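Per-entry structural report
The residues making up each chain are set out below.
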Amino acid sequence: MIIMQNTFFTNSPTLIVMVGLPARGKTYISKKLTRYLNWIGVPTKVFNLGQYRREVQSYKSFEFFRPDNEEAMQIRKACASNALKDVVIYFSKEHGQVAVFDATNTTRERRVSIVSFAKEKGYKVFFVESICDDPDIIAQNIADVKVSSPDYLNCDKEEALADFLKRIECYKQTYVPLDDEKDRRLSYIKIFNVGSRYLVNCVQDHIQSRIVYYLMNIHVTPRSIYLSRHGESNMNLLGRIGGDSGLSPRGHKYATALGTFIKSQHIKDLKVWTSHMKRTIQTAEHLGIPYEQWKALNEIDAGVCEEMTYEEIQDNHPEEFALRDQDKYRYRYPKGESYEDLVHRLEPVIMELERQENVLVVCHQAVMRCLLAYLLDKTADELPYLKCPLHTALKLTPVAYGCKVEHVFLNIEAVNTHRERPGNVDVSRDPEEALKTIPDHF
Amino acid sequence: MTLSVWALPRADMSTEQEKNELTQTPLLKIWVPWLGMEGCKLSRRRGSSVPQLTNSPTLIVMVGLPARGKTYISKKLSRYLNWIGVPTKVFNLGQYRREAVQSYKNFEFFRPDNEEAMQIRRACATNALKDVVIYFSKEHGQVAVFDATNTTRERRISIVSFSKEKGYKVFFVESICDDPDIIAQNITEVKVSSPDYVNCDKDEAQADFLKRIECYKQTYVPLDDEKDRHLSYIKIFNVGSRYLVNRVQDHIQSRIVYYLMNIHVTPRSIFLSRHGESELNLLGRIGGDSALSPRGHKYATALGGFIKGQHIKDLKVWTSHMKRTIQTAEHLGIPYEQWKALNEIDAGVCEELTYEDIQENHPEEFALRDQDKYRYRYPKGESYEDLVHRLEPVIMELERQENVLVVCHQAVMRCLLAYLLDKTADELPYLKCPLHTVLKLTPVAYGCRVEHICLNIEAVNTHRERPGNVDITRNPEEALKTIPDHF
């Protein structure tokens, strides 16, 4: 009897194959998509051909990429083989489910060989082709990520730019995009000009459908995401978890300070989101901006432990307390939720966050940890221990392949609500060991 | 409007304190700023749990030759949008034409050189768009689906300027199909039985309809990659093997695209069943996570027998995370998947109470629930409206799948059924979903055929009708008048 928990994503491993000239955003898409898939629980890994190539050959100039450079061609083919060998290991021995093959894959010949490789192994293939003919976008990409690449470590910006443009020309000579007619049986999405237009062909299963939906919702318009918890609450002061209490006096002070901070940032068209819980709404009320309430942003439901202190949890449910320390991500409170459940609940929030531009999310500790883990690519093990202190706003700005984070502490005192994993997580531990790391409270 | 215990007014409140005070709306349990004793009449959007999907009304414009699935898509999309809480209505030009012309003679009406008919057709389109304006401005509509061929550039340009003038967003949905088998199938399923052909035999109807299509073909100009690159649209090729998506403007268009890319027309059946009778059911208690009663186990076995007897190809079985649905699935002898999203509605402080207990301990809540059972949220629990949101990914996956059996719970099943059978939010919480009865739903034409299969194992009734008196001042007998019997 096979009992599965929401593992309806796919039966076979999926190989996502990027296609496109250099500087078309393939690595950007690869990394972002991988981050998203890992966050929603689909083990995914990027296999970047450039890295394989850098390991065997130190870069001199664009000549390496000339289509008539036989010696280089051999090296490049060998790198591709090695990358695909590693894909096989990832799927068969490392429990991987999705592999993203990040390379130009610009010739039919290369793509045909990948398709037969995948067919032979029983992997599904999904192509993601990025087509862009806007010279401004390409110039921007090159400035953002290429001139600082390891390939151009010892070059100045102008040299790097010139060489890279010649590199693109080498690929252009043999580039054959996916063809409407000839490739009509392949599964793929073509992305035109950073998302103004998409062509989607033969989506085979759920995971490909989710990938398409995600790719169609992301954008590259500069913007910032602000994350903050509600101001300190009355329950926080008492060291109690959960509940639906109001702000403490210091919490109100923070909310006012947050309002001032936000105004000083002069943010264009800021959207403000809160949960349905009193403390986030009270916080948002001080901002003087319209806000939207999302039930999905509610704090993790601690079930039978709602409104208890850690001391009370240890007293009444010592075994549960220990189990939680053993696997904080997957542990579900009796009649409550786990962090893993939270991530599922938050997925539509993340999707909408991708669609939006400037957003301030006023939420809760566990919720903020989940959102932060998505934005900063943290693992399920790190996620429940990310530090999200009260009275601190985080400003996240996408830059290059990642996110720049600024911590803004608004100088209003608050209790600490962060509990580190204690040394002893065994159910047989005694109370002192269990309560060793709990933060102070009134 | 009465206030819940969270927000007792204080006579000595200063403006600063007032600013900090929130009150929780009694029905929806939404925290909103305290606006004084007179009560709060707040717009739904501020207090709703559904974030704003779009600012302006959206006009979805179907494009395509006859028999390309435009009406099918229009109806299905409307059903989905209404279910997720976006008021949507279809404006079918064929209906306007039938009202104007009264009786259809033959395809000659659609000849491009038939000037008189052209006038009538243009007038119908104008009337339809007038009704769209009324729907948006006076009936709180958010999305209107203009179901017509819209096959000429001229017609589409005029719709775009009309929308621009009114401040509506436009999203085109073009269906392109050149597979003669699919077209023949469509014609058989929905055209020969159309009001236009009520006095014709099948072959006559078929022949006339094909000539009608030819009339349109002469002037059909599909959306153009280059010329229409500033429009927002999705082109669907051959029932979904391929899509071209251009310039999605906002969240609702993104959701529409996602939905359209997940639906299919492959014949299949969806089976819905509740768990077998549970121990809490026997005691008339709601919620909880109890096991099956002996009769419940009997049902599960009978369900297994029924399913085998149906000889269903590649059946997927889904349950919730609750013991009673899993115990039910265990008897089936087929692999099953557990979905937390299929868990029963969370009754919060009322979990595991009988209706008598609820009346005794929370009489006001009990009355509020009867006043608006769809939107009412249990204290520390959920509403049907919350349930629908929770279930949206289940519906999306249900659309992608083929044969599926969903073993779930009363409130959950009502939500799924309302989606599949296009029931309103008012009807939804009162849909009859008795224990020990399987529903087999098979998509047919523009809707769903339903077969109720009672497997002849006795069970308690868990259906409580809306009582006559829903006022909070009612007395206990009035409140408990419609509760079903229990042990």
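Since the structure is predicted, the reported quantities are computational estimates derived from the model, not experimental observations.

**What about the UniProt feature "binding site: substrate" (unreviewed entry) in chain A?**
Residues and elements named next belong to chain A. Annotation from UniProt places "binding site: substrate" (unreviewed entry) at Arg229, His230, Gly231, Glu232, Ser233, Asn234, Met235, Asn236 and Arg279. A stretch of 51 residues holds the annotated residues, and the largest C-alpha distance among them is 14.0 Å, short enough that they meet in one place. Looking at the secondary structure, you find His230 in the loop between strand 8 (225-229) and helix 8 (234-237). Judged by its relative accessible area of 2%, His230 is buried. The contact partners of His230, leaving out residues within four places of it in the chain, are Asn236, Arg279, Thr280, Thr283, Val362, Cys363, His364 and Leu390.

**Notes on the interface of chain A and chain B**
Listed per partner, the contact involves 48 residues of chain A and 49 residues of chain B. Carbon and sulfur atoms supply 49% of the area buried between chain A and chain B, which totals about 4400 Å² over both sides. One salt bridge connects Arg197 of chain A with Asp225 of chain B, and the closest N-O pair in it is separated by 2.7 Å. Between chain A and chain B we count 22 residue pairs in polar contact (both at pLDDT 80 or more) in total. Sort the elements by how many residues they give to the side of chain A that touches chain B and helix 7 (residues 206-217) of chain A lands first, with seven residues. Across the side of chain A that touches chain B, the residue classes tally to 18 nonpolar, 14 polar and 16 charged. Bridging between strand 7 (residues 197-201) of chain A and strand 8 (residues 242-246) of chain B involves five bridges; their strand directions are antiparallel. From the neighbouring strand, Asn201 of chain A faces strand 8 of chain B, where its bridge partner is Arg242 of chain B.

**Here we look at unusual backbone geometry**
Even without glycine at this site, Lys335 of chain A takes up a positive phi of about 60°. Along the chain, Lys335 of chain A falls in the loop between helix 12 (318-326) and helix 13 (339-355). We note that Lys29 of chain B has phi near 60°; this positive angle belongs to a residue other than glycine. Its location among the elements puts Lys29 of chain B in the loop between strand 1 (22-24) and strand 2 (31-33).

**Topic: the confidence of the model for chain A**
Model confidence for chain A is summarised by a mean pLDDT of 94, while 98% of its residues fall at 70 or above. Under a pLDDT of 50 for its full length, residues 1-8 of chain A has, in the predicted model, 23 contacts with residues more than four places off or in other chains.

**Examining the environment of Asn238 of chain B**
All names here are of chain B. One can find Asn238 in the loop between strand 7 (233-237) and strand 8. Judged by its relative accessible area of 28%, Asn238 is partly exposed. Those residues in contact with Asn238, other than ones at most four positions away along the chain, are Ile176, Cys177, Asp178 and Asp179.

**Looking at the confidence of the model for chain B**
All names here are of chain B. For chain B, per-residue confidence averages 91 on the pLDDT scale, and 92% of positions sit at 70 or higher. Below a pLDDT of 50 lies the segment residues 1-14, which in the model reaches 25 contacts outside its immediate sequence neighbourhood of four places, other chains included. Interface confidence for the predicted complex, given as ipTM, is 0.91, next to a pTM of 0.92.

**Let's talk about the pattern of salt bridges**
All names here are of chain A. Going through the model one piece at a time under the given rule, you end up with 48 salt bridges over all chains. Of the charged contacts in the structure, one is a salt bridge between Arg250 and Glu232, with a shortest N-O distance of 2.8 Å. In this pair, Arg250 is assigned in helix 9 (residues 249-265) and Glu232 in the loop between strand 8 and helix 8, connecting sequence segments 18 residues apart. Given a relative accessible area of 26%, Arg250 falls into the partly exposed group. Its relative accessible area of 0% is what places Glu232 among the buried residues.

**A look at the UniProt feature "binding site: substrate" (unreviewed entry) in chain B**
Residues and elements named next belong to chain B. The UniProt record annotates "binding site: substrate" (unreviewed entry) at Arg274, His275, Gly276, Glu277, Ser278, Glu279, Leu280, Asn281 and Arg324. Looking at the secondary structure, you find Glu279 in helix 10 (residues 279-282). We classify Glu279 as partly exposed; its relative accessible area is 42%. Filtering out sequence-adjacent residues up to four positions away, Glu279 remains in contact with Ser290, Ala291, Leu292 and Ser293. Locating Asn281 in the fold gives a position in helix 10. With a relative accessible area of 11%, Asn281 lands in the buried category. In contact with Asn281, other than residues within four places in its own chain, are Arg274, His275, Gly276, Leu435, Val460 and Thr462. One polar contact links the side chain of Asn281 to the main-chain amide nitrogen of Ser278, over a distance of 2.9 Å.

**Side note on the pairing of strand 7 of chain B**
Residues and elements named next belong to chain B. Judged by how many residues are buried, strand 7 sits mostly within the fold: four of five residues are covered. Sheet topology places strand 6 (residues 169-176) next to strand 7; five bridges connect them, and they run parallel. Bridging from a neighbouring strand, Ser175 pairs with Ile236 of strand 7. Two elements, strand 7 and strand 8, share five bridges in a ladder whose sense is antiparallel. For Lys235, the partnering residue across the bridge sits in strand 8 and is Leu244. Connecting strand 7 to the next strand, strand 8, in antiparallel fashion are four residues, including Asn238 with a positive phi near 45°.

Conventions adopted
Each chain has its residues counted from 1, following the order in which its sequence is written. Numbering of ligands from 1 and lettering of chains from A proceed in the order in which they are written. Owing to the predicted nature of the model, reporting of local features is limited to residues with pLDDT of at least 70; listing and counting of side-chain atom pairs is limited to 80 or more, with chain, interface and lining totals taken over all residues. For the side-chain quantities, the full set of heavy atoms in the structure was used; hydrogens and water were omitted. UniProt positions are given in the numbering used here, feature names are shortened, and annotations may be inferred rather than shown by experiment. In DSSP terms, a helix is any run of H or I states spanning at least four residues, a strand is any run of E spanning at least two, and both are numbered starting from the N terminus. When accessible area is computed with a 1.4 Å probe and restricted to protein chains, residues below 20% of their type maximum are described as buried, those above 50% as exposed, and intermediate ones as partly exposed. Residue contacts follow a heavy-atom distance rule, with two residues in contact if any of their heavy atoms lie within 4.5 Å. Buried area is calculated as the accessible area (1.4 Å probe) missing from two parts once they are joined, with the contributions of both summed. Whenever a carboxyl oxygen of Asp or Glu lies within 4 Å of a side-chain nitrogen of Lys or Arg, that contact is scored as a salt bridge. Residues adjacent in sequence count toward polar contacts only when both atoms are side-chain atoms; beyond that, a polar contact is any pair of N or O atoms within 3.5 Å, and within protein one must be able to donate a hydrogen and the other to accept it. Here the term charged refers only to Asp, Glu, Lys and Arg, the term nonpolar to Ala, Val, Leu, Ile, Met, Phe, Trp, Tyr, Cys and Pro, and the term polar to all other amino acids, Gly among them. Pairing between two strands is assigned when DSSP locates at least 2 bridges connecting them. Values of pLDDT, the confidence the predictor places in each residue, fall between 0 and 100.

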